[in-house]
Amino acid sequence: MWDNISILTAAPVFNIQLILDGLFIGSTFALAAYGLALVWGVMNVKNLAQGDFVIMGGYIAWWLGKQGIHPLWGLPISIVVMFTFGWLVYVTIIRRVIDKDMFTSLLATFGLAIVLAQALNLMFGPEVQTAESDFAIRSYFDNSVTVADIKLVAFALCGVLAVVVVLFMKNSRMGQAIRATAQDARAARVMGIDTDKVYAFTFSLNAAICGAAGALISMIWVIQPFYGIGHSIRSFVIVTAAGFGNLGGVIMAGLGLGVMEQYGGFVLGAEYQQACVVGLLVAVLIYRQLEMRRHRQVVQ
Amino acid sequence: MNTKRLIPVVAATLAVAGLAFAGPAQAKVEGDTIILGSAISFTGKYSTNGIHAKNGYDIGVAKINAMGGVKVGGKSYKLKIQYYDDESTPLRTAQLLERLVNQDGVKYFLGPYSSATTKAAAPIIEKYKVPMIEAEGASRSLFNKGYKYLFAVLSTSEQYLASSIGLAAEIAEKNGKKASDVKIAMAFENDPFSLDVRAGVLEDAKKYGMKVVIDDKMPRDLNDISSTLTKVKALKPDLLLLSGHSKGAATGARQIKEMKIDVPMIALTHCEAAKITSKFGASTNDFLCPTQWAPTLTYKDKYFGTAADYDKEFKKTFDGYKNVPYQSAQATASVLVWKDAFERANSLDPEKVRDAIAATDMETFYGGIKFAPEGNNIAKPMVLRQIQNGEYNVVAPSKWASHPVNWPRKAQ
């Protein structure tokens, strides 16, 4: 471990590689986590199938790539397909569990996650897949730092998508309805908002965001039918750390998590890369617990 | 209830029960057919290779039947395989083997796909004292438990990448350096198979006094090894070794390309299963990939002819194969061992057949087959192939090499 830290201090240029890689992948984590925050905040549904939606989006882009459509064009198609899929899932499953207790919705989305992973496995097989963009790869500092253009493009697209979603939530009628429902669903109903439609739209929007994140992940990382769980956990860590209504926090936590994974893998070894994520979740939960205890004492 | 009406019901129930019990006792040999049993993965994460193995079994059985079947006690028997899908879960493999033994009465077995499922199968095989010749479980841990009824035609996993260490030493000495100067970076998945591969590498590296500068273990859901590869850039090793099934090969090949890793020698397992040449093109040139078998090897037998003949016949029989995976070839070889053992035992008694299998010493298109007392095959070495312009060419050991090795590898 100390050997690896001394590499970073002796040749600081490798820090740049780790930070860049972390930021690139972290931006897709943040995107998926924002979708989760939306569904969690508005509908109080904790979607355990979040990561499987992401992987599904990735498979759509990959499959289109195999048919000769560039995966970047696959991105908008993946968004549309996943939006429709999200609507279907809402109508068939989520609508029935939304006003039940927490465990019902957890179980329903957990079941959905298993079914999705197995269905992807049956359709596309268990192999790891990657969507190839065939963009150039640049090297800097005598090949010590390499940046694939597709990662830059993906990073920029994540930013654009985040801005679009924010503008939509702020300015459109549906966006306002979603925010109103999140604040107080009953009051929103009294004001004439069709909350069922708002829920359906929110859930579909989340699926569409996952579709976008997945399409980007298939281009910069790899996808496999059973990799959804890792992405679900990351989304939960980010949302737990940042809170629901806090887009800035979600972005910071997402990017931070990406960078932390890279440093964890470098310093402690690849076997601890994902352990870092779970470790962070535990740390965040403990911190929140302490914070709440302090709050309770004040109230007493 | 009317007793008269009850009698036929009871009689029918007894009859059905009777049939159910009478059936299996004869099922291991039905008329002139010997039934081999196999629970193998048609669905789930091992399904691709499971089906490769099934195709290998099927072509072997078809060949033997076409050549007159198996002769035991002056009578010719045909072979037939009873399959079940184990869904790639070891627990299911064990259940299905119990079913094959107890309900279907099968007494002779072919293996499942993967070390994990074979590990689950072995105790059942031992419990019922029925022999299994497996072709797809390479983990060393299968052969140190004292199993008596488990035999494997393939080389065990610690040999997979060990040959690359020998090759690196050879090249270092040719260039006027010492073998002990070679620096090794390695990343292995944290699972029984890959850790076996790692153990073999460490053993050989220690023999030459080589230094291991990176020794990372990759998680099961591995989708990123860029931090390990950044370390590789910093420490500039002479040899990079990767093993983590198909996903390790795919992730590794992609990120080696993306990060322009220029280690002079890179060796990884499962190149073909992950289809890295078609996915990542020229960037995979000069990768070294170990294999159990290659169609250019000079082995031959009376059933299929040479390794190249087998390759041709397999491609003709099954559509969609550009390369014949070694998983299929070794599956076929295990069927050939069954025929050979039945005929030498000249009996259908599982005990006698087991002893005949243990005494096997034969040459097949797949390589020599001779079992150690522990059940693993000691007559066939692993070979190392190098991807040269998109083709897999055998480069080591030198006895089997069809092409010289390209060294050093250049990042492309």
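A. Broad picture of the overall build of chain A. When helices and strands are tallied, chain A shows 12 helices and two strands. Scanning chain A from its N terminus toward the C terminus, one meets helices and strands in the order α-α-α-α-α-β-β-α-α-α-α-α-α-α. Since a compact globule built from 300 residues should have a radius of gyration of about 19 Å, the 20 Å found for chain A is in line with a globular shape. Counting only C-alpha atoms and orienting by the principal axes, one finds that chain A spans roughly 65 × 60 × 35 Å. Counting the 300 residues in chain A, one finds 49% classified as buried. The contacts in chain A between residues at least 6 apart in sequence include a share of 76% that link residues at least 24 apart.

B. Seen up close, the overall build of chain B. Across its full length, chain B holds 12 helices and 18 strands. Whereas a compact globule of 412 residues would reach a radius of gyration of roughly 22 Å, chain B reaches 24 Å, a difference of no more than 12%. When its C-alpha atoms are laid out on the principal axes, chain B stretches across 90 × 50 × 40 Å. Once local pairs closer than 6 in sequence are excluded, the contacts in chain B between residues at least 24 apart make up 67%.

C. Highlighting the pairing of strand β15 (residues 361-364) of chain B. All names here are of chain B. Sheet topology note: the β15/strand β16 (residues 367-370) ladder contains four bridges and is antiparallel. Paired with Met-362 across the two strands is Ile-369, which belongs to β16. What sits between β15 and β16 in their antiparallel hairpin is a turn of two residues.

D. Molecular detail of unusual backbone geometry. Cis geometry is found at the peptide bond from Ala396(B) to Pro397(B), where omega equals -10°. As for its position among the elements, Pro397(B) is in the segment after β18 (391-396). With an omega of -10°, the peptide bond running from Trp407(B) to Pro408(B) counts as cis. Tracing the chain through its elements places Pro408(B) in the segment after β18. Not every positive phi belongs to a glycine, and Asp142(A) is a case in point at roughly 55°. Inspection of the secondary structure puts Asp142(A) in the loop between β1 (137-140) and β2 (145-148). Exposure remark for Asp142(A): the 7 C-beta atoms within 10 Å place this residue in the exposed category. Residues other than glycine seldom take positive phi values, yet Ser114(B) does so here, at roughly 100°. Here Ser114(B) lies in the loop between β5 (108-110) and α4 (115-128). Taking the C-beta count within 10 Å as the criterion, Ser114(B) has 27 such neighbours and is therefore assigned buried.

E. View of the interface of chain B and chain A. With 30 residues of chain B at the contact, the number on the chain A side is 31 residues. For the side of chain B that touches chain A, the secondary structure elements donating two or more residues are α2 (47-66), β9 (211-218), α7 (226-235) and α8 (245-258) of chain B. It is α7(B) that provides the largest number of residues to the side of chain B that touches chain A, a total of seven residues.

F. Quick peek at the environment of Ser105(A). Residue and element names in this part refer to chain A. Mapped onto the elements of the fold, Ser-105 is located in helix α5 (residues 102-124). The exposure class assigned to Ser-105 is buried, which follows from the 22 C-beta atoms found within 10 Å. For the pair Ser-105 and Lys-46, spaced 59 residues apart in sequence, the C-alpha to C-alpha distance is 7.1 Å. Not counting residues within four places of it along the chain, the set of residues in contact with Ser-105 comprises Val-45, Lys-46, Val-97, Ile-98 and Lys-100.

G. Structural context of the domain arrangement of chain B. Residue and element names in this part refer to chain B. When its domains are assigned, chain B resolves into domain 1 (24-155 + 296-370) and domain 2 (159-291 + 383-396). For domain 1 versus domain 2, the separation of C-alpha centres amounts to 31 Å. Listed by partner, the interface residues are 12 residues for domain 1 and nine residues for domain 2. Across the side of domain 1 that touches domain 2, the residue classes tally to four nonpolar, seven polar and one charged.

H. Structural detail: the environment of Leu280(A). Residue and element names in this part refer to chain A. Note that Leu-280 resides in helix α12 (residues 273-299). Separated by 23 residues in sequence, Leu-280 and Leu-257 place their C-alpha atoms 8.7 Å apart. Setting aside its immediate chain neighbours within four residues, Leu-280 contacts Val-237, Leu-257 and Met-260.

I. Region of the structure containing the environment of Gln386(B). Its place among the elements puts Gln386(B) in strand β17 (residues 383-388). Not counting residues up to four positions away in its chain, the partners in contact with Gln386(B) are Asp286(B), Leu288(B), Asn393(B), Val395(B), Val405(B) and Asn406(B).

J. Quick look at the nonpolar core. Counting residues in each nonpolar core, the largest one holds 213 residues, and the members touching the most others are Ala33(A), Ile209(A), Ala212(A), Ile238(A) and Val250(A). Ranked by residue count, the leading element in this core is helix α9 (residues 195-220) of chain A, at 17 residues. If you count residues domain by domain, this core takes at least three from each of domain 1 (24-155 + 296-370) and domain 2 (159-291 + 383-396) of chain B. When residues no more than four places from it in sequence are discounted, the contact partners of Ile238(A) are Phe29(A), Ala30(A), Ala33(A), Val250(A), Ala253(A), Gly254(A) and Leu257(A).

K. Main features of the confidence of the model for chain A. When pLDDT is averaged along chain A, the result is 91; 99% of the residues meet or exceed 70. Across chain A, element-level confidence peaks in helix α3 (residues 50-66) of chain A with a mean pLDDT of 96 and bottoms out in helix α1 (residues 2-10) of chain A with 82.

L. Representation of the pairing of strand β4 (residues 75-85) of chain B in the model. All names here are of chain B. Here strand β2 (residues 33-40) runs beside β4; their pairing, made up of eight bridges, is parallel. Opposite Ile-35, over in β4, you have Lys-80 as the bridge partner. Where strand β3 (residues 70-72) folds back onto β4 in an antiparallel hairpin, the turn is made up of two residues, including Gly-73, whose phi is positive at roughly 55°.

M. Region of interest: the confidence of the model for chain B. All names here are of chain B. The share of residues in chain B with pLDDT of 70 or more is 93%, and the mean pLDDT across the chain is 89. Within the model, the stretch residues 18-27 combines pLDDT values under 50 with nine contacts to residues more than four positions away or in other chains. Quick note on the complex model: pTM equals 0.82, ipTM equals 0.86.

N. View of the packing of helix α6 (residues 149-171) of chain A against helix α7 (residues 173-183) of chain A. All names here are of chain A. One way to put it is that α6 packs onto α7 with a least axis distance of 5 Å and a crossing angle of 80°. It follows that α6 is roughly perpendicular to α7 by the angle criterion. In this structure, α6 uses Phe-168, Met-169, Lys-170 and Asn-171 to contact α7, whose residues at the interface are Gly-175, Ile-178 and Arg-179. A class-by-class count of the residues in the contact of α6 with α7 yields three nonpolar, two polar and two charged.

O. Spatial organisation of the sheet that holds strand β10 (residues 239-243) of chain B. Residues and elements named next belong to chain B. Taking strand neighbours across the sheet as the criterion, the seven strands line up as β9-β8-β10-β11-β12-β17-β18 in an open arrangement whose pairing is mixed. Both outer strands of the open sheet, β9 and β18, are each paired with one neighbouring strand and no more. Direction aside, neighbouring strands of the sheet carry axes that sit 25° apart on average. Bridge analysis of strand β11 (residues 266-268) against strand β12 (residues 287-291) gives two bridges, and the strand direction is parallel. Directly across from Ile-266, in β12, lies its bridge partner Phe-287.

How each quantity is defined
- Residues numbered from 1 in each chain as written.
- Chains lettered and ligands numbered in written order.
- Predicted model: local features only at pLDDT ≥ 70, side-chain atom pairs only at ≥ 80, totals over all residues.
- Helix = DSSP H or I, 4+ residues; strand = E, 2+ residues; numbered from the N terminus.
- Rg over C-alpha atoms; globule rule 2.2 N^0.38 Å.
- Buried ≥ 20, exposed ≤ 12 C-beta atoms within 10 Å, placed from the backbone.
- Contact = placed C-beta atoms within 7 Å.
- Pairing = 2+ DSSP bridges.
- Domains from an automatic or database assignment.
- Nonpolar A, V, L, I, M, F, W, Y, C, P; charged D, E, K, R; others polar.
- Core = buried A, V, L, I, M, F, W, Y, C linked by C-beta atoms within 7 Å.
- pLDDT = per-residue confidence, 0-100.
- Axes fitted to C-alpha atoms, helices over the stretch in contact; angles between N-to-C directions.
- Parallel < 35°, antiparallel > 145°, perpendicular 65-115°, else oblique.

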